[in-house]
Amino acid sequence: QQQVRQSPQSLTVWEGETAILNCSYEDSTFNYFPWYQQFPGEGPALLISIRSVSDKKEDGRFTIFFNKREKKLSLHITDSQPGDSATYFCAASASSGSWQLIFGSGTQLTVMP
Amino acid sequence: EAAVTQSPRNKVTVTGGNVTLSCRQTNSHNYMYWYRQDTGHGLRLIHYSYGAGNLQIGDVPDGYKATRTTQEDFFLLLELASPSQTSLYFCASSEQGDTEVFFGKGTRLTVV
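So, here's what we can say about the structure.

The rules behind each value
Residue numbers restart at each chain and count upward from 1, following the sequence in its written direction. Each chain takes a letter, starting from A, and each ligand takes a number, starting from 1, following the order in which they are written. Per-residue local features are limited, in this predicted model, to residues with pLDDT of at least 70; the limit for side-chain atom pairs, both in listing and counting, is 80 or more; totals at the level of whole chains, interfaces and linings are taken over all residues. Computation of side-chain values covers all heavy atoms of the structure but excludes hydrogens and water. Counting from the N terminus, the helices are DSSP H or I runs at least four residues long and the strands are E runs at least two residues long. In this description the radius of gyration comes from C-alpha coordinates, and the expected globular size is given by 2.2 Å times residues to the power 0.38. Here's how the labels work: a residue is buried when its accessible area is under 20% of the maximum for its type, exposed when over 50%, partly exposed in between, all with a 1.4 Å probe on protein chains only. Every residue pair with non-hydrogen atoms within 4.5 Å of one another is taken to be in contact. Accessible surface is estimated by sampling points in the Shrake-Rupley manner with a 1.4 Å probe; for residues, cover comes only from the protein chains shown. We count Lys and Arg on the positive side and Asp and Glu on the negative side, and we leave His and both chain ends out. Charge placement uses NZ in Lys and CZ in Arg. For Asp and Glu, CG and CD serve respectively. Buried area adds together the accessible area that both of two parts lose upon being put together, with accessible area traced by a 1.4 Å probe. By definition here, a salt bridge exists when the distance from a side-chain nitrogen of Lys or Arg to a carboxyl oxygen of Asp or Glu is within 4 Å. Definition of a polar contact: a pair of N or O atoms within 3.5 Å, with one able to donate and the other able to accept a hydrogen when the atoms are protein atoms, and with sequence-neighbouring residues admitted only if both atoms are side-chain atoms. Put simply, Ala, Val, Leu, Ile, Met, Phe, Trp, Tyr, Cys and Pro go in the nonpolar bin, Asp, Glu, Lys and Arg in the charged bin, and everything else, Gly too, in the polar bin. When DSSP locates at least two bridges between a pair of strands, those strands are taken to pair. Axis definition: a line fitted to C-alpha atoms, limited for helices to the stretch in contact. Angles are taken between N-to-C directions and run from 0 to 180 degrees.

Details of the overall build of chain A
Link 1 in the chain: The helix and strand tally for chain A stands at zero helices and 11 strands.
Link 2 in the chain: Reading chain A from its N terminus to its C terminus gives the helix and strand order β-β-β-β-β-β-β-β-β-β-β.
Link 3 in the chain: Taking 2.2 N^0.38 as the reference for a compact globule, 113 residues should give roughly 13 Å; the C-alpha atoms of chain A span a radius of gyration of 14 Å, in line with that estimate.
Link 4 in the chain: Out of the 113 residues belonging to chain A, those deemed buried represent 47%.
Link 5 in the chain: Counting only contacts in chain A whose residues sit at least 6 apart along the sequence, the fraction spanning at least 24 positions is 54%.
Link 6 in the chain: Here chain A displays about 5,400 Å² of accessible surface, and carbon together with sulfur accounts for 46% of that area.
Link 7 in the chain: Of the charged side chains in chain A, 9 are positive and 11 negative, and the gap between their average positions amounts to 10 Å.

See below:
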């Protein structure tokens, strides 16, 4: 079963627009949610993360919004740039018990100049 | 920055063949992982380890063995490779279970 779901599978925005990538999860024990960015030919790299005690995390143009009650989170990329074109993975883990990092299937973002 | 080096970067083998994928990390991280990446599935955890000599089973372990010989080195073994194991394999490491995970550049394995 997919414990972490991402949507949309692919997203195209114009340069300067805000891209919104969605993620939902099932396991209520998950309390750590990193987003990873992957460029072709490279391994994923940590972009930004949030823990469940917070409902928002900002890092420059990247913001995570977290809704614990609905088990949903989203990554907002403001002022999108062509260099942001990549695949973005939402992941989740629990700090107690099996802390395995579970990845979603990814969103492929294309930013058109 | 943490460095995770995988070898080989590309490998082609025949069905039934033996394959060993190697991984070395140079930041003395406790945790090391093997993931496979397939379109539509994201990254799926095969095996992981939290120290030399330790091995834990991930979500998709069937057909794979792993060994953690030192703090730095983690190997993935396919003893009877099958076409279903054609995939992009990533090794990764982290200091703890819920801290940043650093990935290698991947090994593309093709089983014909």
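Moving on from the model shown.
Points about the interface of chain B and chain A
Link 1 in the chain: Taken together, the contact between chain B and chain A spans 23 residues of the former and 21 residues of the latter.
Link 2 in the chain: Of the roughly 1,700 Å² buried between chain B and chain A on both sides combined, carbon and sulfur atoms contribute 53%.
Link 3 in the chain: Put simply, chain B and chain A have one salt bridge between them.
Link 4 in the chain: Run the count over chain B and chain A and you get three residue pairs in polar contact (both at pLDDT 80 or more).
Link 5 in the chain: Within the residue set of the side of chain B that touches chain A, elements represented by two or more residues are β4 (31-38) and β5 (42-49) of chain B.
Link 6 in the chain: A class-by-class count of the residues in the side of chain B that touches chain A yields 10 nonpolar, eight polar and five charged.

Quick look at unusual backbone geometry
Link 1 in the chain: Across the junction of Ser7 of chain A and Pro8 of chain A, the peptide omega takes the value -10 degrees, indicating a cis bond.
Link 2 in the chain: Position of Pro8 of chain A among the secondary structure elements: in the loop between β1 (4-7) and β2 (10-14).
Link 3 in the chain: Here Lys71 of chain A, not a glycine, exhibits a phi torsion of approximately 55 degrees, which is positive.
Link 4 in the chain: Along the chain, Lys71 of chain A falls in the loop between β7 (62-67) and β8 (72-77).
Link 5 in the chain: Assessed through its relative accessible area of 27%, Lys71 of chain A is described here as partly exposed.
Link 6 in the chain: With a phi angle near 55 degrees, Ser28 of chain B is a residue other than glycine that sits in the positive phi range.

A few points about the sheet that holds β1 of chain A
Residue and element names in this part refer to chain A.
Link 1 in the chain: Across the sheet, which stays open at both edges, the five strands sit in the order β1-β3-β8-β7-β6 with antiparallel pairing between neighbours. Strands at the two margins of the open sheet, each flanked by one partner only, are β1 and β6 (56-59). Along the sheet, successive strands turn relative to each other by an average axial angle of 15 degrees, direction set aside.
Link 2 in the chain: Sheet analysis places β7 next to β8, joined by six bridges and oriented antiparallel. The partner of Thr63 across the bridge, within β8, is His76.

Brief notes about the sheet that holds strand β1 (residues 4-7) of chain B
Residue and element names in this part refer to chain B.
Link 1 in the chain: Strand order in the open sheet made by the four strands is β1-β3-β8-β7, with antiparallel pairing throughout. Looking at the sheet topology across the chains shown, the edges are occupied by β1 and β7 (65-68). Going across the sheet, the axis of each strand differs from the next one's by a mean of 15 degrees, ignoring polarity.

Remarks on the environment of His29 of chain B
Residue and element names in this part refer to chain B.
Link 1 in the chain: Mapped onto the elements, His29 comes out in the loop between β3 (19-25) and β4.
Link 2 in the chain: Each C-alpha atom, one on His29 and one on Leu109, is 26 Å from the other, the two residues being 80 residues apart in sequence.
Link 3 in the chain: Only 3.5 Å separates the side chain of His29 from the backbone nitrogen of Ser94, close enough to count as a polar contact.

Function cannot be read off these values alone, since they describe shape.
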